[in-house]
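Observations on the model geometry
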Number of protein chains: 2
Amino acid sequence: MTYCVGMVLDKGLVLMSDTRTNSGVDNISVFRKMFHWQKPGERMLAVMTAGNLATTQAVISYLEERIKVPGERHNSLLEAPTMFQVATEIGRLLRATIEERQEANGDRGRGRFTASVVLAGQIKGMEPRLFLIYPEGNFIEASFDTPFFQIGETKYGRPILIRGYDRAMSFEDAVKLLMVSFDSTLKANLSVGLPLDLLVIARDGFEATHARRITHDDPYFEAISSSWGDELRKAFHALPDYSFYGGDE
Amino acid sequence: MTYCVGMVLDKGLVLMSDTRTNSGVDNISVFRKMFHWQKPGERMLAVMTAGNLATTQAVISYLEERIKVPGERHNSLLEAPTMFQVATEIGRLLRATIEERQEANGDRGRGRFTASVVLAGQIKGMEPRLFLIYPEGNFIEASFDTPFFQIGETKYGRPILIRGYDRAMSFEDAVKLLMVSFDSTLKANLSVGLPLDLLVIARDGFEATHARRITHDDPYFEAISSSWGDELRKAFHALPDYSFYGGDE
């Protein structure tokens, strides 16, 4: 499994992903699921992947190869004129990769090898944008009403995102919120694991404003993980108490 | 979908279930998923169900019919000498009900009509016990390490249970914790809905210590739901702040 979140804020984009892949619980590895490409001063693109690892690695390899072939307009992440076209291109590639593998496996391939992608980025002169690309190749864009996307093991970490997210929040608060959301997920599901990758893309910066890997011994993540339990319990005790004799009885 | 939680505490057992059933999002109904039977002073049993509604209703109807036939030892919830035998009996019934429906539908029936059951209760002279019964008819029992069971849409509400549960907590705190867990789930998933059913079974009471339905206009649930958002945000802001320049950079 996997857990990745991409968020749109007033100030820009924030992405976090875990790095655990597993095939069964006894075959666990660490693989990067977050990738980014930039053309300084002009565009910054980032991608996070969830799903079949062979599929997502093939998609990323194709993307990187195309970048290296100069002059191939419309084929390259770094040449497409809009984020919409970048999303269209990645969707086409994702769908083709999945389909090829499914077809090669006939009946046994049905419904397998799927993956999905979160794409975030900004191209000069346009807004920062965030997309969720489905295995079918189509995609949706984050909006005012749905300002973040999760892929993979999304449920455990969702309630705190719903309640903590605020479009106007600082990058620092957004990172804190993501750490809490990831911590809740890590505590509940073995298939999501440290280290985590973090990427912050400030609006109109066209570069990785802040990028790092959060490892097992990260003192900030440890602090969040241990104090969140205490703070949650405090929050819980601050709620009004239930009474067997109140209410409608 | 469905969300049900059963908990073992030092003081006894606490159960909560939602009442929404849906077949697609455009066909939503309210059905009770929690049932209980008692023999005052001797035993108290409660069951919560998740899964195919026709299956779970059939199981409950069989159980109720058997109770009405006097003298059928070993067949009746109210006669079996141990909770283990009650669980075995319900497991057998659940599996038979599912299998009958699957077989009647041949190939199209495969993997369908499944359901699972949480069984809680106490028989005089023995401990209060809690079981999770699978569609296959086998079951597991709650233990010191895993003192609560969830069925249905379990993920959204799990992080707060993991962090808030304490075996020694009062019934009132357990109800509060369940309300928070249900509120997080309701906020994230349309297929879990109010009203909720609540049942508290005090150790050695052999009766429903406290049973009620929590409806849309329940003032306590409304208070929990609205203050939990505020308290969560306070808890979040009480956490140490992230800094781009701290840590390993």
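Heads up: the structure comes first, above all this text.
Residues numbered from 1 in each chain as written. Chains lettered and ligands numbered in written order. Predicted model: local features only at pLDDT ≥ 70, side-chain atom pairs only at ≥ 80, totals over all residues. Heavy atoms only, no water.

Scanning chain A from N- to C-terminus turns up five helices and 12 strands. Based on the C-alpha atoms only, the size of chain A along its principal axes is roughly 70 × 45 × 40 Å. Surface summary for chain A: the accessible area is close to 10,900 Å², and the carbon and sulfur share equals 50%. In chain A, which carries 28 positive and 33 negative side-chain charges, the distance between the mean positions of the two groups comes to 4 Å. (Helix = DSSP H or I, 4+ residues; strand = E, 2+ residues; numbered from the N terminus. Areas by Shrake-Rupley, 256 points an atom, 1.4 Å probe, with all protein chains shown as cover. Lys, Arg positive; Asp, Glu negative; His and termini not counted. Charge placed at Lys NZ, Arg CZ, Asp CG, Glu CD.)

All right, on to the side chain of B:Ser191 then. Its location among the elements puts B:Ser191 in the loop between helix H4 (171–188) and strand E11 (196–202). With residues near it in sequence (within four places) discarded, B:Ser191 still touches B:Met1, B:Thr2, B:Asp18, B:Arg20 and B:Asn22. (Contact = heavy atoms within 4.5 Å.)

Each side of the interface is counted separately: chain A has 48 residues, and chain B has 48 residues. Between chain A and chain B the total buried area reaches about 4,700 Å² when both faces are included, carbon and sulfur atoms providing 65% of it. By the criterion of area lost to chain B, the three top residues of chain A are A:Arg163, A:Phe236 and A:Tyr242, representing 21% of everything that side buries. In this assembly, chain A and chain B are joined by six salt bridges. The salt bridge partner of A:Arg163 is B:Asp183, with a shortest N-O separation of 2.9 Å. For the side of chain A that touches chain B, the elements supplying multiple residues, two or more each, are helix H3 (158–164), helix H4 (171–188), strand E11 (196–202), strand E12 (210–214) and helix H5 (219–238) of chain A. (Buried area = accessible area lost by both parts, 1.4 Å probe. Salt bridge = Lys/Arg side-chain N within 4 Å of Asp/Glu carboxyl O.)

When chain A is fitted to chain B, the best match, at an RMSD of 0.0 Å, comes from turning it 180° and sliding it 0.0 Å along the axis. Here the transformation between the copies is reduced to the relation of a two-fold axis. Taking C-alpha positions as reference, the residue of chain A nearest the rotation axis is A:Tyr156, located at 2.4 Å. A symmetric contact is evident, with 100% of the interface residues of chain A recurring at the interface of chain B. (Least-squares fit on C-alpha atoms with pLDDT ≥ 70 in both.)

Interpretation in functional terms is not warranted from these geometric data alone.
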